[in-house]
Amino acid sequence: MSAPRVTILRTAGTNCDAELVRAFEMAGGTASLLHLEAVVERPSLLREADVLAFPGGFTYGDDVASGAVFAVKLRARLLEPLLRAVEEGRLVFGVCNGFQILVRAGLLPALDGPGRPGDAALGFNDSARFEDRWVALEGTSDLCPWVPRGTVIECPVAHGEGKFVARDGGVLRRMEERGQVVLRYRMPPGVPPGTFPHNPNGSEADVAGVCDPTGRVFGLMPHPERNILPWHHPGRRGASGLPVFGNAIRWVREHR
Amino acid sequence: MGTRPGRRDPRGEAALAVLRESGLQGLTAVRFQGVYLVETAAPAEALRRAAAELLADPVLEEAALDAPVRADEESLPVLTVLRRPGVMDPVESSVRGALRDLGVEAPSVRTGRRYVLEGDVEPGAAAAAVARTLANEVIEEVHRGVDLPTRVPHPAPFAFRRVTVPLRGASDDALARISREGGLSLEVFEMRAIADHFASIGRDPTDAELETLAQTWSEHCKHKTLTGAVTTRDPDGVRSYGNLLKETIVLATERLARPWCLSVFVDNAGVVALDDRHGVCMKVETHNHPSAIEPYGGAGTGIGGVIRDVLGTGLGARPVAGTDFFCLAPPDLPAERVPKGALHPRRVLRGVVAGVRDYGNRMGIPTVSGGLFFDERYVGNPLVFAGTVGILPRSMVAKRARPGDRVVVVGGRTGRDGIHGATFSSAALHQDSERLDAGAVQIGNPIEEKRVLDGQLRARDEGLYTAVTDCGAGGLSSAVGEMAEGLGAEVHLERVPTKYPGLSYAEVWISEAQERMVLSVPPERLPRLREIFAAEGVEVTDLGSFTDTGRLVLRWSGEVVADLDLGFLHGGLPRRAREARWEPPAGLGGPAPEPADQAATLRALLSDWNVCSREPVVRQYDHEVQGGSALKPFAGARGVGPQDAAAVAPLETAPRGVVIACGINPGYADHDPRAMAAAAIDEALRNAVAVGADPDRIALLDNFCWADARRPEELGALVRVAEACRDTAIAFGTPWISGKDSLHNEFDAGGRRIAIPGTLLVSALGVVEDVGSLVSMDLKAPGSRLYLLGVTRDERGGGLLARREGSRGGAVPRCRPEESLPLFRALHAAIGAGLVLACHDLSDGGLGVAAAEMCLAGDRGARLVLTSVPFEGPEATDGALLWSESTGRFLVEVAEGRAAAFEGATAGLPRARVGSTTAEGAGARLLVEGLRGAPLLDEPVEALRAAFLRRLPL
């Protein structure tokens, strides 16, 4: 069986594409980069992949708001083929700017079906500024093939607009009930929830990553692809980001 | 658009804090809003839809069209900051593109920030406070009230008229006037050489020719002082140099003849071998004057420029890391000590940090290393250094344009940005600079540069061009003029795409609009090159061709506007030998300060602006993008320890990498510039070696910033620094591979001269085989041994404590390479063999500060015994042992089980066991036993950390 194919969508301002390619390839996939404009010209390219991934970066400068311009382009020119690609059972991954794009475009959390934005947002960090720091994350869902419950990941966050906010308490409750809250920032023992800097941005309920109701579309603010080699962790305590990609590749092998 | 009621508004809260701090009374809250002025014929309904889809987040924000976001704003102070017309707005093009996707065509979009002030605020004071703290009136205007100007200027096209400048027969006074009024920054004897040249060919120069000469002959481009002839007189005798740079810094590199130096002093950046297939290059630039006037844009375009330097090295290197260093006045300087025309250092700090953040982060280049140095003398001339490290295949280090190649410019459009940047940086700033030199302000667009980078590296790998140069200072005039050297070129300036109509041919030619590269492209490869850049959304323009005529010919719609002899352009600059002198500064001497309370001194030093945590700055930089980071800026489980150096592994999953470090000691320059330079070199090397770099694989870069090197006494100091660079580098065996100077950094505060201290920033670039073997500086375990490597002498002169106390006493640290180098080698071997748990270099604040930093980083205690410290000199005192800044020293943590092996690895060298690590966590303390055996200080590590975490006001 050939290696699962990962297509990584990039455009002007994408800048975490190389490390995402590396992560998926180390996990056993075959990853390739595709420019958004090339997909707009030939949307069928999306269906050649087993996994679609939206990397981090500052697409279009993050002008207006992070991911906003990319999301408008997706919705205006590529929404139908993208939704079809998801419906057909592909995995979708968005990290940092990629997560912001999926939320703005309505693919996450997509409580009432994909393509309807407005359930949640990624707002400015409470500190009102970009921050790069290492955080600990814990898997809190059984729904999402990317991250099983109980998984602990250490990796950096690097963003200015990563505060997860649900439209209202009902939205967050429904997400939790369905298992759509996949990753939370993990507090050290004895530290109350929501404490900075363990929760680096003020996210509600310490939410760091979420999935759609199918579990296959997954987005998160922290960067697991930046902890995949032995020297990545500042305390040399293991490349705990790599299993995220291994889980996805294994899932594709099992379900293809 | 603004934040919905009930949602948190972090940008409004940040503005509130800034305005309160500025002294604005009565303020209770600030609402932050985004403003978009859209010129369009689209119906209101379409715009409303676009605002909801694009401009406002559906959960967090609300939008209003042609009205305030909320009704109560009609009666509140509303202040809107808009860019002045004609100032580049990088947001415009992405907003226009996204509006087009939503069916709204907009010929122009202006974007702005709005602050709605709540509380009992006096409107006039509010407007003034916003203008002073949240806007920069050089490039922005502040509007009061909810209504905004909607008139959009659409300038007329340029009406061609060739301008010649009558130089022939002009008197010296007239030549001086022409240079001054034209902003040419040329001296009379240089103007005279130009006049004579044109007299010999029987005509006057055009404005474009004169500008080309001024740009090419500027201090910024030609380094006339450093490459010039000089005779100096100082206590060491009389020395003459024909070319100071060649006979000092370059000479050191030539004499060392390291085989791993692949390209030095010939290209944008120096290149050394990384492995058999790759080279690694580095360049550090200054962007001082633009940052003094507009810190955000100045620092951002400084980063953008040095990234293009690396893109223009060889056939183009891929940037893998960035560095930044700022020298500023203290951020808490009382406002009355800031001279008129200068910005408060806190504003400068905020602006330059934001500029580096927004440019570097958007480019996806990790900012991994750097620093801050505070001294009040930088108040008028902040120094902003920016560096980039890149990698390229070794087969692509050489480049050469050929006759027949097309002259191709790629990247952003040309506007009036930054006209006269090269000559501006070669003149002094003064109290009216803020007003007069706004034209020199450049605005960056990092996403444009990212597109160029993505396209250029693809074109490079397909071999589509023969040479490349960045458009930096002097714009096209410098880039094309440089590439055409030894060849010739013919350029059609009307083809250059402009941001707006109305630019004259001369403006097009010298504009310093950012994000442009010039390529020489064989004609048959141009179609494929166009295809690649088009896929990235980058404009490609064929301007003309390289020739073999030896002439630089410029045309505007067929009319010749310049026809310059390239031999004269590059070789005609007349040289004038300079006189220099140096004497030891007066008023030095006496003892170093001897504090009575060592514990209080330690806490004070840890919270000194020159020591305290850089987290508020560095955390704003993405230092890990690209996934190569192997040693972060901060060490330890809490992520607060100041690391000595950064490491990056840029080759996919391979462990080979580079270590990047720097050294700077302007405080020592007040005692002896030579000691200052040597100590900076030692510090840069020490920092690199402290993490495990191999001292025999380190290359150095120099950046000189001087107040006014035309003054003989300052030139004399500069000569001593250059000599120290030569001697110290040779002694360490570390070649210089690149450098840059900025020699006009003084401020005229209405007749009072404010001169920066002589400043040399040394950057070190080390190649390591395995980044996994490097060590961080945080203490790792209880019960380990602590060793001090290196000899301590009573060298507190010019050091951190002396500067705090305003003391000019004590001896300045001397660098002793013959002592340091064997230690560096032994330490490198010990770290490589896995014998070292943690290592930290001793620098500002000496042993006391270094030990405290290792404790607070590792959250562990330590016990130090000063009687064990190897000391040389007439009389050791507790103060000397704790605070002396003698070079070449490290504090090393070694596990008990490795102690014998470590002692074997360092046998015969100045090394002593000075203590051990103790408890961890809440009970951790740093205990230092003094010479009399009693505890000198016994401080909880938590208290030391609290002192160290004094927050830089950002």
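Here the structure is a predicted model, which means the values were calculated and not measured.

Caption draft 1: Local environment of the overall build of chain A. The secondary structure content of chain A amounts to seven helices and 11 strands. With the C-alpha coordinates of chain A rotated into their principal frame, the extents come out at 50 × 40 × 35 Å. Partitioning the intrachain contacts of chain A with sequence separation of at least 6 by distance along the chain shows that 75% fall at a separation of at least 24. For chain A, the accessible area works out to roughly 8,100 Å², and carbon and sulfur atoms hold 51% of it.

Caption draft 2: Local environment of the domain arrangement of chain B. For chain B, the assigned domains are domain 1 (2-144) and domain 2 (775-954). On a C-alpha basis, the centres of domain 1 of chain B and domain 2 of chain B stand 52 Å from each other.

Caption draft 3: Just empty space enclosed by the protein, in detail. Residue and element names in this part refer to chain B. Taken as a whole and assessed by the stated rule, the structure comprises 13 cavities of 30 Å³ or more. Taken as a whole, the largest cavity holds about 840 Å³ of empty space. Contributing to the lining of the largest cavity are 42 residues, with G370, G371, R614, P642 and Q643 lying nearest its centre. Elements that contribute at least two residues to the lining of the largest cavity include exactly β12 (318-328), β13 (367-374), α22 (615-618), β28 (657-663), α24 (673-691), β35 (838-841) and α28 (846-858). When residues in the lining of the largest cavity are grouped by element, the largest group, seven residues, is from β13. Residue composition of the lining of the largest cavity, by class: 23 nonpolar, 12 polar and seven charged.

Caption draft 4: Region of the structure containing the interface of chain B and chain A. Taken together, the contact between chain B and chain A spans 60 residues of the former and 53 residues of the latter. On inspection of chain B and its partner chain A, the count reaches nine salt bridges. Its salt-bridge partner being D101 of chain B, residue R77 of chain A comes within 3.2 Å of it at the nearest N-O pair. Counting every contact that joins chain B to chain A gives 25 residue pairs in polar contact (both at pLDDT 80 or more). When contributions to the side of chain B that touches chain A are tallied by element, the ones reaching two or more residues are α1 (10-21), α2 (44-55), α3 (90-101), α13 (345-363), α16 (446-461), α19 (526-536), α22 and β24 (629-631) of chain B. The residue makeup of the side of chain B that touches chain A, split by class, is 28 nonpolar, 12 polar and 20 charged.

Caption draft 5: Inspection of the pattern of salt bridges at higher detail. All told, the structure shown has 101 salt bridges over all chains when counted by the stated rule. In this structure, R47 of chain A and E88 of chain A form a salt bridge, with 2.5 Å as the shortest nitrogen-oxygen distance. With R47 of chain A in the loop between α2 (36-41) and β3 (51-54) and E88 of chain A in the loop between α4 (79-87) and β4 (91-95), the pair connects residues that are 41 residues apart, well separated along the chain. Assessed through its relative accessible area of 40%, R47 of chain A is described here as partly exposed. Accessibility expressed as a relative area gives 38% for E88 of chain A, which makes it partly exposed. Of the charged contacts in the structure, one is a salt bridge between E579 of chain B and R233 of chain B, with a shortest N-O distance of 3.0 Å. Of this pair, E579 of chain B sits in strand β23 (residues 578-581) while R233 of chain B sits in strand β7 (residues 230-234), and the two are 346 residues apart along the sequence. For R233 of chain B, a relative accessible area of 42% gives the class partly exposed. If you follow the salt bridges from partner to partner, you end up with D234, D236, R239, D672, R674, R720, E723 and R814 of chain B in one network.

Caption draft 6: Quick look at the sheet that holds strand β22 (residues 559-565) of chain B. Residue and element names in this part refer to chain B. Strand order in this open sheet of seven strands is β17-β19-β15-β20-β18-β21-β22, and the pairing throughout is mixed. Of all strands in the sheet, those bounded by a partner on one side alone are β17 (467-470) and β22. Ignoring strand direction, the axes of neighbouring strands in this sheet form an average angle of 25°. As judged from the three bridges shared by strand β18 (residues 489-492) and strand β20 (residues 540-546), these two strands associate in the antiparallel manner.

Caption draft 7: Representation of helix α7 (residues 242-255) of chain A within the structure. Compared with an ideal rise of 1.5 Å per residue, which puts 14 residues at 20 Å, α7 of chain A spans 20 Å between its outermost C-alpha atoms and is within 8% of the ideal. Those residues of α7 of chain A hidden inside the fold are in contact with β1 (5-10), α1 (17-26), β3, β4, β7 (152-159) and β11 (217-220) of chain A.

Caption draft 8: A look at the packing of α24 of chain B against helix α25 (residues 712-732) of chain B. Residue and element names in this part refer to chain B. Across the interface, α24 lies against α25 with an axial gap of 8 Å and an inter-helix angle of 35°. Read as a crossing pair, α24 and α25 show a hand that is right-handed. Residues P673, R674, M676, A677, A678, I681, D682 and L685 of α24 pack against A717, R720, V721, E723, A724, C725, T728 and F732 of α25. When grouped by side-chain class, the residues that make up the contact of α24 with α25 number 11 nonpolar, one polar and four charged.

Caption draft 9: Representation of the sheet that holds β1 of chain A within the structure. All names here are of chain A. Taken in spatial order, the nine strands of this open sheet run β2-β1-β3-β4-β11-β10-β9-β6-β7, and their pairing is mixed. Both edges of this open sheet fall to β2 (30-35) and β7, since each of them pairs with a single strand only. Going from strand to strand, the sheet's axes swing by 25° on average, the running direction of each strand aside. Pairing of β1 with β3 involves three bridges; the strand directions are parallel. The residue of β3 that forms the bridge with V6 is V51. The sheet strands contacting α7 are β1, β3, β4, β7 and β11, and the helix crosses β4 at an angle near 165°.

Caption draft 10: Representation of unusual backbone geometry. In this chain, L108 of chain A is followed by P109 of chain A through a cis amide linkage whose omega measures -10°. Mapped onto the fold, P109 of chain A is located in the loop between α5 (97-105) and β5 (120-123). A cis amide bond links F196 of chain A to the next residue, P197 of chain A, at an omega of 5°. Tracing the backbone through its elements, the reader meets P197 of chain A in the loop between β9 (181-185) and β10 (207-211). The residue H223 of chain B is not glycine, and still its phi comes out positive at about 50°. Here the phi dihedral of Q626 of chain B falls at roughly 80°; this positive angle occurs in a residue that is not glycine. As for its placement among the helices and strands, Q626 of chain B is situated in the loop between α22 and β24.

Caption draft 11: The confidence of the model for chain B, seen in detail. Put simply, chain B has an average pLDDT of 93, and 98% of its residues get 70 or more. Predicted confidence for residues 433-438 of chain B stays below pLDDT 50, and this span has 10 contacts to residues more than four positions away or in other chains.

Caption draft 12: Geometry of the side chain of S776 of chain B. Residue and element names in this part refer to chain B. For S776, the position within the fold is in the loop between β33 (759-768) and β34 (785-789). Looking at S776, its side chain comes within polar contact range of the side chain of K780, at 2.9 Å. In this structure, S776 is in contact with A635, Q643, L837, A838 and C839, ignoring residues within four places of it in sequence.

Caption draft 13: Layout of the packing of aromatic side chains. Residues and elements named next belong to chain A. Under the defined criterion, the tally for this structure stands at 22 aromatic pairs over all chains. With a centroid separation of 5.0 Å and 80° between ring planes, the pair formed by F24 and F245 is classed as edge-to-face. Of this pair, F24 sits in helix α1 while F245 sits in helix α7, and the two are 221 residues apart along the sequence. In terms of burial, F24 and F245 fall into one category: buried.

Caption draft 14: Representation of the packing of α28 of chain B against helix α31 (residues 941-948) of chain B. Residues and elements named next belong to chain B. Two elements in contact, α28 and α31, have axes separated by 9 Å at closest approach and are oriented at 105°. Here α28 lies roughly perpendicular to α31, going by the angle between them. Seen from α28, the contacting residues are A852, E853, C855 and L856; seen from α31, they are V941, L944, R945 and F948. Split into classes, the residues belonging to the contact of α28 with α31 amount to six nonpolar, no polar and two charged.

Caption draft 15: How the structure looks around the pairing of β17 of chain B. Residue and element names in this part refer to chain B. Every second residue of β17 is oriented toward a common face, with A467 and T469 on one face and V468 and D470 on the other, all of them buried. Sheet topology note: the β17/strand β19 (residues 516-521) ladder contains four bridges and is antiparallel. Among the inter-strand pairings, T469 is bridged to a residue of β19, identified as V518.

The rules behind each value
Residues numbered from 1 in each chain as written. Chains lettered and ligands numbered in written order. Predicted model: local features only at pLDDT ≥ 70, side-chain atom pairs only at ≥ 80, totals over all residues. Heavy atoms only, no water. Helix = DSSP H or I, 4+ residues; strand = E, 2+ residues; numbered from the N terminus. Contact = heavy atoms within 4.5 Å. Areas by Shrake-Rupley, 256 points an atom, 1.4 Å probe, with all protein chains shown as cover. Domains from an automatic or database assignment. 1 Å grid on protein atoms, 1.4 Å probe; cavity = no way out; pocket = protein on both sides within 12 Å on 5 of 7 lines; lining within 4 Å. Points joined across faces, edges and corners; volume = space filled by probe spheres on them. Nonpolar A, V, L, I, M, F, W, Y, C, P; charged D, E, K, R; others polar. Salt bridge = Lys/Arg side-chain N within 4 Å of Asp/Glu carboxyl O. Polar contact = N/O pair within 3.5 Å; in protein donor to acceptor, adjacent residues only side chain to side chain. Buried < 20%, exposed > 50% of the residue type's maximum accessible area, 1.4 Å probe, protein only. Pairing = 2+ DSSP bridges. Axes fitted to C-alpha atoms, helices over the stretch in contact; angles between N-to-C directions. Expected span 1.5 Å × (residues − 1). Left-handed = near helix turned anticlockwise from the far one by under 90°. pLDDT = per-residue confidence, 0-100. Phe/Tyr/Trp six-rings, centres within 6.5 Å; stacked < 30°, edge-to-face > 60°. Parallel < 35°, antiparallel > 145°, perpendicular 65-115°, else oblique.

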